[in-house]
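Below, each chain spelled out in residue letters.
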Amino acid sequence: QVQLVESGGGLVQAGGSLRLSCSASGGTFSAYAMCWFRQAPGKEREFVAAISRTGGATGYGDSVTGRFTIARDNAKKTVTLQLTSLQPEDTAVYYCAATTQYYSRSHSQYGYWGQGTQVTVSS
């Protein structure tokens, strides 16, 4: 089964950018659809972006469409999330997750999760 480790979080000013990475080990990476969720203190986990096994299909949450971009490199076993035009409301812990099913916006579909990486956007 796959293990996931996120990196790239940090503190950034509003309007800035960050690039998050999720590295996978174990399992066959190309067999998993991948996604990013985020969770802010006191809020429910929110869908951010997802990508199909081949990378041919992607989906985004309404609040990040046009600002965030998900991509994957199956040879390197990584999935990235490029965050641009960041706003304080983007502050959250960002989680990478994997599923052997088709990619979904529902966190219950994902059986494998990383430990998360903190993104903090200052105003």
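As shown above, the structure is provided for reference.
What counts, and at which threshold
- Numbers given to residues run from 1 along each chain, matching the order in which its sequence is written.
- Only residues with pLDDT of at least 70 get local features here, since the model is predicted, and only at 80 or more are side-chain atom pairs given and counted; chain-wide, interface and lining totals rely on the full set of residues.
- Computation of side-chain values covers all heavy atoms of the structure but excludes hydrogens and water.
- Numbering of helices and strands runs from the N terminus; a helix is a DSSP stretch of H or I covering at least four residues, while a strand is a stretch of E covering at least two.
- Here the radius of gyration uses the C-alpha set of atoms, whereas the globule reference equals 2.2 Å times the residue count to the power 0.38.
- Partly exposed residues are those whose accessible area sits between 20% and 50% of the maximum for their type, while under 20% is buried and over 50% is exposed, using a 1.4 Å probe and protein chains only.
- Methods summary: accessible areas were calculated by the Shrake-Rupley approach with a probe of 1.4 Å, and residue burial reflects only the protein chains presented.
- Charge assignment in this entry is limited to Lys and Arg as positive and Asp and Glu as negative, and neither His nor the chain termini are counted.
- For this purpose, a charge sits on NZ of Lys, CZ of Arg, CG of Asp or CD of Glu.
- At least two bridges found by DSSP between two strands are what make those strands a pair.
- Angles shown run from 0 to 180 degrees and are taken between the N-to-C directions of axes, each axis being a line fitted to C-alpha atoms and, for helices, limited to the stretch in contact.
- Cysteine sulfur atoms are paired as a disulfide whenever they fall within 2.5 Å.
- Should any heavy atoms of two residues lie within 4.5 Å, those residues are considered in contact.

For this particular structure, what's the right way to read the overall build of the protein chain?
Counting secondary structure elements, the protein chain contains zero helices and 11 strands. Mapped from its N terminus to its C terminus, the protein chain presents α and β elements in the order β-β-β-β-β-β-β-β-β-β-β. Taken over C-alpha atoms, the radius of gyration comes to 13 Å for the protein chain, in line with the 14 Å a tight globule of 123 residues would show. Expressed along its principal axes, the backbone C-alpha trace of the protein chain runs to roughly 40 × 25 × 25 Å. Taking all 123 residues of the protein chain together, the buried fraction comes to 46%. Accessible surface, the protein chain as shown: approximately 5900 Å² in total, 47% of it carbon and sulfur. Charged side chains of the protein chain number 10 positive and 7 negative; the gap between the two group centres comes to 8 Å.

Explanation requested: the sheet that holds strand β1 (residues 3-7) in the structure shown.
Sheets are built from strands that pair by backbone hydrogen bonding, the pairs being arranged parallel or antiparallel. With antiparallel pairing, the four strands of this open sheet are ordered in space as β1-β3-β8-β7. Unpaired on one side and paired on the other, β1 and β7 (68-73) mark the two borders of the sheet. Averaged over neighbouring strand pairs, the angle between their axes works out to 15 degrees when direction is ignored. Pairing between β1 and strand β3 (residues 18-25): five bridges, direction antiparallel. Residue pairing across strands places S7 opposite S21, the latter belonging to β3.

How should the state of the cysteines be read in this particular structure?
In a disulfide, the sulfur atoms of two cysteines are held together by a covalent bond. Applying the stated criterion across every chain yields a total of one disulfide. Across a sulfur-sulfur distance of 2.1 Å, C22 and C96 are joined as a disulfide pair. Here the disulfide of C22 and C96 is left-handed, its torsion about the S-S bond being about -75 degrees. Separated by 74 residues along the polypeptide, C22 in strand β3 and C96 in strand β9 (residues 92-99) bring together distant segments of the chain.

I tried to follow unusual backbone geometry on my own but got confused; where do I start?
The general pattern is negative phi for most residues beyond glycine and trans for most peptide bonds. Phi at K77 is positive, roughly 55 degrees, even though this residue is not glycine. By the secondary structure assignment, K77 is in the loop between β7 and β8 (78-83). The backbone of S85 shows a phi angle near 50 degrees, a positive value even though the residue is not glycine. Relative to the helices and strands, S85 is located in the loop between β8 and β9. With a relative accessible area of 37%, S85 lands in the partly exposed category.

I would appreciate a short explanation of the pairing of strand β4 (residues 33-39) in the present structure.
Residues in a regular strand project their side chains so that they alternate between the two faces of the sheet. Summarising burial for β4: six of the seven residues are buried, a large majority. Sheet analysis places β4 next to β9, joined by seven bridges and oriented antiparallel. Bridge pairing in β9 links F37 to Y95. Two elements, β4 and strand β5 (residues 46-51), share five bridges in a ladder whose sense is antiparallel. For C35, the partnering residue across the bridge sits in β5 and is A50. The loop that links β4 with its antiparallel partner β5 comprises six residues; one of these, G42, has a positive phi angle of about 75 degrees.

It is not clear to me how the environment of L83 should be interpreted in this structure. Could you clarify?
In this structure, L83 sits in strand β8. Sequence spacing of L83 and M34 is 49 residues, and the spatial spacing of their C-alpha atoms is 17 Å. If we skip the residues at most four places from it in the chain, L83 touches G16, S17, L18, L20, R67, F68, Y94 and V119.

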